[in-house]
Amino acid sequence: VERTMFQALHMATAEEMERDPTVCLIGEDVGHYGGSYKVSKDLHYRFGNFQVMDTPIVENTFTGMAIGAAATGLRPIVEGMNMGFLLLAYNQIANNAGMMRYTSGGQYDIPVVIRGPGGIGKQLGPEHSQRLEAYLNAVPGLKLVACSTPRNARGLLKAAIRDNNPVVFFEHVLLYNLKEEIPYLPYTQAIDKAELVKEGKDLTVLCYSRQRHVAVEAAKRLEKTGLSLEIIDLISLKPLDVEAIKKSISKTHRCIILEESSKAGGVGADILSCVIENCSDTLADVPTRVGAKDIPTPYNAKLEEATVPSVEDVMAQVMWMMTPHMVAKR
Amino acid sequence: MSVSALQNIATSTAEAPPAPADLPKRNYLRSMRANVDAKVAQMLYEDMCLGRQFEDMCAQMYYRGRVAGFVHLYNGQEAVSTGIIKCLRKDDVISSTYRDHVHALSKGVPAREVMAELYGKETGCSKGRGGSMHMFSKEWGVMGGFAFISENVPIALGAAFSIAYRRQQMLDESADQVVVCFLGDGASNNGIFYEAMNMAALARLPIIFVVENNNWAIGMAHYRSTSVPEIYKKGPAFGVPGYEVDGMDVLAVRAAARKAVKRARAGEGPTLIEALTYRFRGHSLADPDELRAPLEKSAWLARDPIATFGEYMKDMGYSNDYLLKETQKKVRALVEDSVSFAESSPEPKVEEVGEYIFADGYVPEPEHFSDEELHQYAV
C-alpha cells in the first residue's frame, strides 16, 4: 500500500498501542489536536485520554514523567512537538534516560522512545531547524535512530518501542509527506543496522535521514559521468553499524560522510573517526565530510539553502575525491 | 488566634473576622500528632536511631578515607524520613535527592547494602555504580537518589503516572501504590516542582510531595531565596492541598503522612507536605558550615527529634532510660555490621565496567498473525 511517512509512523504507533497496552503516547497536542504533524491523529478516540496523553507545555516535566513511567513498567513514547524543544528536557534525557539504568546498577530499564520532527525545514528559523543528534551523541546509554522513508519509519519505530532501552528517534520535517509503497502487514526493522540504499563501486556515501535522498539524487546525476556511488543510510547513529561501514569501504576504498548537522562537533565527526579507526587498511584516500555550516539556520530561503548540503555540494565533493584517481588512471 | 487576626479585629470592630482560610497558617498542624502504641513508637524510635547512627558512622568512614565523593548527611531530619516512609508499604515508591541514605534505610533497604554502596562495592544497592547520591533499590521501591536539584520530581511523577495508568487504563485493581517525592526548600524554587504539581493535580496522580525545609540550600538561606517562604501555601494554587508540619516531631509528620497516603491511595490525588526541619551538619561533609549562626544551630539542636521522641516515649510509659539505651546498642550493632559487611565485600570487577549500561535490545523477528488478526487486516 502507498503511505506517506507520517501515516507510516501513525500505523506503527497504533499497532504497538494495540498490541501492548503499556505503550502510551505523551506529549504536547498529541491527543485532541492529533500531533503537530498528524502522527497521532484520532488515536485518542481509540485509546482514550490516558494512553494518548495531552500534556501542558512542560518539556522537562513530561519527558521526566515518561522516563519515570518507563522505569516503572510502561513503554511511553514521548513526542517532542519539535525536536528542538527537547533541549528544554536535556537534563532528563541525558541524566535520567541515559544514565539511570547504569547508576542503579541495572535495576531500572528505561524503555522509552523520544521522537519528533527535527532538521532544517522550509524557512522555519533557527530554533525550529535544529538537529539534536550531535548534542545527544555525547550521552552514554542512549540509542539514536534516524528514519528516512515510510518503509523504515514504520519498522524502526515499532522496533524502537519494543526495545528495552531509551531510544531517541529522529524524524525529518521535510520527509513527512514522502510517499512510498510499504507492506500492508506489520513488520519491524532492526534499529542498529544500516541500510544499503544503493550499491556502487567507486565511493561510499555514509548518510542518514533526509540526506539519504540528497545522496540518491547526486548518485543518479553522477551515473552519467560513469561514477557509481554506494549509499549507506546509517539508520543507527549510536551505536554505529561498524560492520556495514567496513564492508562497504573495503569494496569502494573511498568515503564521504554526509550530514545535515553542522560539521563542528557533529555526528559526522564521530563517523569520520570511526571510519579512520576501523577502515584505514582499506582506505585509498582520506575520507571527507559534507555538512551544514556552523551557524544558526537563517530564515531567508537563499541563506537557508546555503547552509544545508545540497545535491550539487555532494557532487562537487565526490568529483574532488575522485579527481586524483582519474588523473592517475589517465 | 494569630497576630493578624487580632489586628483585624482591633481595626474593624464592626466587621466579622476574616475567613479561616485567609489566616496565616504557620504552626497550625503542630498540635496534630498521630496516636501510636508502644510497638509502633519503638519502631519509629529505632528507625530514627538507625538513621542518625548510620550517618555518624558514614562521617567517620569518610574521614578515614573509606567512603569518598560528595556525602550529604541527614542528621537532624530523621523525623521526616521516619514519619513519612513508615506509613508506606513495601510496594510504594519513594524518590529522593542527594541526601538519600536515610530515606533508603527507612524504606527498608538493608543497612549493609547502603553502606556497601557508599564503599563502592559490588554488593551495594546500586552495585557500586551510584554512590552516596544514587541509592536505588527496585526491590524496596527506592527509585533513586538524584544528584541534581529537583530532577527527581518528574521521575516520581512518572512512577505515579504508571500507577494511575495501570489502575485507570488497564483496570488493574491492585494498582493502589503511592509515590513519595522528597525535595528540599531549595528545589521548591525550581519551576519543575510547579509543573509537576500542576500535572499531578490534573491527572489526580497518587503522589505526595514532601518538602524538607531545612532552611538552607547549601549557603542560601530560605528567606533570601523565596519570596513567599511558606512552601505549603504553593500547593493550593495548583489544586494540591498543602500542609505544614513540625519536621522535628515524628508524630506530627506521621499524622500528615497518613492523611496524604490515604488520599493518594483512594485515587483522590496529590498532597504537598512541608516539613520544617534542620540539618545538624553542614551541607555535605566537604562543607565547613561556617555560615550558619551558632545560636540558630543550638536552637534547633535543642529540638533534636530523637531525644524529644525518647522523652515522649518515657512520658507515655512506652519506654525507659534502660530500654532506650538498649535500642541504641541494638542499632549500633546493626551499623557496625554494615561496616564490616562493606569492608569485606568485593570490589566490582574492572572488566565489568560497562555492565548495566544497556538492557537487551529488541531483535526483529517475523511477525506472526492469528487468523483473526489477518482477517482484521483483510477488512
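Reference entry: report on the structure contained in this document. (Residues numbered from 1 in each chain as written. Chains lettered and ligands numbered in written order. Predicted model: local features only at pLDDT ≥ 70, side-chain atom pairs only at ≥ 80, totals over all residues. Heavy atoms only, no water.)

### Focus on the nonpolar core
Here is step 1 of the chain: Within the largest apolar cluster, 86 residues are counted, with the highest numbers of intra-cluster contacts made by Phe161, Ile207 and Phe209 of chain B.
Here is step 2 of the chain: Here Phe161 of chain B is in contact with Cys24, Ile26, Phe50, Met53, Met65, Ala69 and Leu74 of chain A together with Leu205 of chain B, once residues within four sequence places are set aside.
Here is step 3 of the chain: In terms of nonpolar packing, the next biggest core, distinct from the first, is built from 63 residues, Val71, Tyr74, Val109 and Phe182 of chain B among them. (Core = buried A, V, L, I, M, F, W, Y, C linked by side-chain atoms within 4.5 Å. Buried < 20%, exposed > 50% of the residue type's maximum accessible area, 1.4 Å probe, protein only. Contact = heavy atoms within 4.5 Å.)

### Overview of the layout of surface pockets
In this approach, a probe sized like a water molecule rolls over the atoms, and the result shows the empty space that is left.
Here is step 1 of the chain: Approximately 650 Å³ is the volume attributed to the largest pocket.
Here is step 2 of the chain: Elements supplying a minimum of two residues to the lining of the largest pocket: helix H1 (5–19) and helix H7 (150–162) of chain A together with helix H13 (371–378) of chain B.
Here is step 3 of the chain: Looking at the lining of the largest pocket, the element that brings in the most residues is H1 of chain A, giving six residues.
Here is step 4 of the chain: Taken together, the residues of the lining of the largest pocket break down into eight nonpolar, three polar and eleven charged. (1 Å grid on protein atoms, 1.4 Å probe; cavity = no way out; pocket = protein on both sides within 12 Å on 5 of 7 lines; lining within 4 Å. Points joined across faces, edges and corners; volume = space filled by probe spheres on them. Helix = DSSP H or I, 4+ residues; strand = E, 2+ residues; numbered from the N terminus. Nonpolar A, V, L, I, M, F, W, Y, C, P; charged D, E, K, R; others polar.)

### Some remarks on the sheet that holds strand S3 (residues 179–184) of chain B
Residue and element names in this part refer to chain B.
Here is step 1 of the chain: One open sheet accounts for six strands, arranged S2-S1-S3-S4-S8-S7; its pairing is parallel. Of all the strands in the sheet, the pair left with one neighbour each is strand S2 (142–145) and strand S7 (242–246). Averaged over all pairs of adjacent strands, the angle between strand axes in this sheet comes to 15°, irrespective of strand direction.
Here is step 2 of the chain: Pairing analysis gives three bridges linking strand S1 (residues 93–96) to S3, with the strands arranged parallel. Paired with Val93 across the two strands is Val179, which belongs to S3.
Here is step 3 of the chain: The strands that helix H3 (residues 78–85) touches are S1, S3, strand S4 (207–213) and strand S8 (271–276); relative to S3, the one it contacts most, it runs at about 165°.
Here is step 4 of the chain: Sheet strands touched by helix H9 (residues 250–265): S4, S7 and S8. Its angle to S7, the strand with the most contacts, is close to 155°. (Pairing = 2+ DSSP bridges. Axes fitted to C-alpha atoms, helices over the stretch in contact; angles between N-to-C directions.)

### Things to note about the sheet that holds strand S14 (residues 288–292) of chain A
All names here are of chain A.
Here is step 1 of the chain: Pairing is mixed across the open sheet formed by five strands, whose spatial order is S9-S11-S10-S13-S14. Both edges of this open sheet fall to strand S9 (195–198) and S14, since each of them pairs with a single strand only. Neighbour-to-neighbour, the strand axes of the sheet open up by a mean angle of 25°, direction not taken into account.
Here is step 2 of the chain: Here five bridges tie strand S10 (residues 203–207) to strand S11 (residues 229–233), and the two strands are oriented parallel to one another. Bridging from a neighbouring strand, Leu206 pairs with Ile232 of S11.
Here is step 3 of the chain: Each of S10, strand S13 (255–262) and S14 touches helix H10 (residues 267–279); the most contacted strand, S13, lies at about 160° to it.

### Some points on empty space enclosed by the protein
All names here are of chain A.
Here is step 1 of the chain: What the rule picks out here adds up to one cavity of 30 Å³ or more.
Here is step 2 of the chain: In this structure, the largest cavity encloses a volume near 110 Å³.
Here is step 3 of the chain: No other element matches the three residues that strand S7 (residues 167–172) contributes to the lining of the largest cavity.
Here is step 4 of the chain: Of the residues in the lining of the largest cavity, the class split is four nonpolar, six polar and five charged.

### Digging into the pairing of strand S5 (residues 113–118) of chain A
Residue and element names in this part refer to chain A.
Here is step 1 of the chain: The buried fraction of S5 is high, at six of six residues.
Here is step 2 of the chain: Residues of S5 alternate between two faces, with Val113, Arg115 and Pro117 on one and Ile114, Gly116 and Gly118 on the opposite face, all of them buried.
Here is step 3 of the chain: The sheet contact formed by strand S4 (residues 75–79) and S5 spans three bridges and is parallel. Within S5, the position partnered with Val78 by the bridge is Ile114.
Here is step 4 of the chain: Bridging between S5 and S7 involves six bridges; their strand directions are parallel. Within S7, the residue paired with Gly116 across the bridge is Phe170.

### Brief notes about the packing of aromatic side chains
Here is step 1 of the chain: A complete count under the given rule lists twelve aromatic pairs over all chains for this structure.
Here is step 2 of the chain: Aromatic side chains Phe136 of chain B and Phe146 of chain B sit 5.8 Å apart centroid to centroid with 75° between the ring planes, which places their arrangement in the edge-to-face category. With Phe136 of chain B in the loop between helix H5 (111–118) and S2 and Phe146 of chain B in the loop between S2 and helix H6 (152–168), the pair connects residues that are ten residues apart, well separated along the chain. Each member of the pair Phe136 of chain B and Phe146 of chain B is classed as buried.
Here is step 3 of the chain: Members of the aromatic cluster, connected to one another through ring pairs, are Phe193, Tyr194, Phe209 and Phe238 of chain B.
Here is step 4 of the chain: Positioned above the aromatic ring of Tyr33 of chain A, the side-chain terminus of Lys38 of chain A is 4.3 Å from the ring centre.
Here is step 5 of the chain: Looking at Arg151 of chain A, its charged tip hangs above the ring of Tyr187 of chain A, at a distance of 5.9 Å from the centre. (Phe/Tyr/Trp six-rings, centres within 6.5 Å; stacked < 30°, edge-to-face > 60°. Lys NZ or Arg CZ within 6 Å of the ring centre and 35° of its normal.)

### Thoughts on the packing of H6 of chain B against helix H7 (residues 191–202) of chain B
All names here are of chain B.
Here is step 1 of the chain: Look at H6 against H7: their axes get within 9 Å of each other, and the N-to-C directions meet at 15°. It follows that H6 is roughly parallel to H7 by the angle criterion. When you trace H6 past H7, the crossing you get is left-handed. Of the residues in H7, those touching H6 at Val153, Pro154 and Leu157 are Ile192, Phe193, Ala196, Met199 and Ala200.
Here is step 2 of the chain: Along the lines of polarity and charge, the residues of the contact of H6 with H7 split into eight nonpolar, no polar and no charged. (Parallel < 35°, antiparallel > 145°, perpendicular 65-115°, else oblique. Left-handed = near helix turned anticlockwise from the far one by under 90°.)

### So, helix H2 (residues 43–51) of chain A
Here is step 1 of the chain: Those residues of H2 of chain A lying buried are Leu43, His44, Phe47, Phe50 and Gln51 of chain A.
Here is step 2 of the chain: Looking at the buried residues of H2 of chain A, the elements they touch are H1, strand S2 (23–27) and strand S3 (52–54) of chain A together with H6 of chain B.

### With respect to the interface of chain A and chain B
Many descriptions give the size of an interface as the accessible area lost when the pieces come together.
Here is step 1 of the chain: Across the boundary between the two partners, chain A contributes 56 residues, which contact 51 residues of chain B.
Here is step 2 of the chain: Taking both partners together, chain A and chain B bury about 4500 Å²; carbon and sulfur atoms supply 64% of that area.
Here is step 3 of the chain: Among the residues chain A hides against chain B, the three largest losses belong to Phe50, Tyr102 and Gln107 of chain A. Together they make up 17% of the total.
Here is step 4 of the chain: Linking chain A to chain B there are one salt bridge.
Here is step 5 of the chain: Notably, a salt bridge pairs Glu367 of chain B with Arg162 of chain A, separated by 3.0 Å at the nearest N-O pair.
Here is step 6 of the chain: Counting across the chain A and chain B interface gives 20 residue pairs in polar contact (both at pLDDT 80 or more).
Here is step 7 of the chain: Those elements that provide at least two residues to the side of chain A that touches chain B are S2, H2, helix H3 (59–71), helix H4 (90–98), helix H5 (100–103) and H7 of chain A.
Here is step 8 of the chain: No other element matches the nine residues that H3 of chain A contributes to the side of chain A that touches chain B.
Here is step 9 of the chain: Of the residues belonging to the side of chain A that touches chain B, the class tally is 26 nonpolar, 24 polar and six charged. (Buried area = accessible area lost by both parts, 1.4 Å probe. Salt bridge = Lys/Arg side-chain N within 4 Å of Asp/Glu carboxyl O. Polar contact = N/O pair within 3.5 Å; in protein donor to acceptor, adjacent residues only side chain to side chain.)

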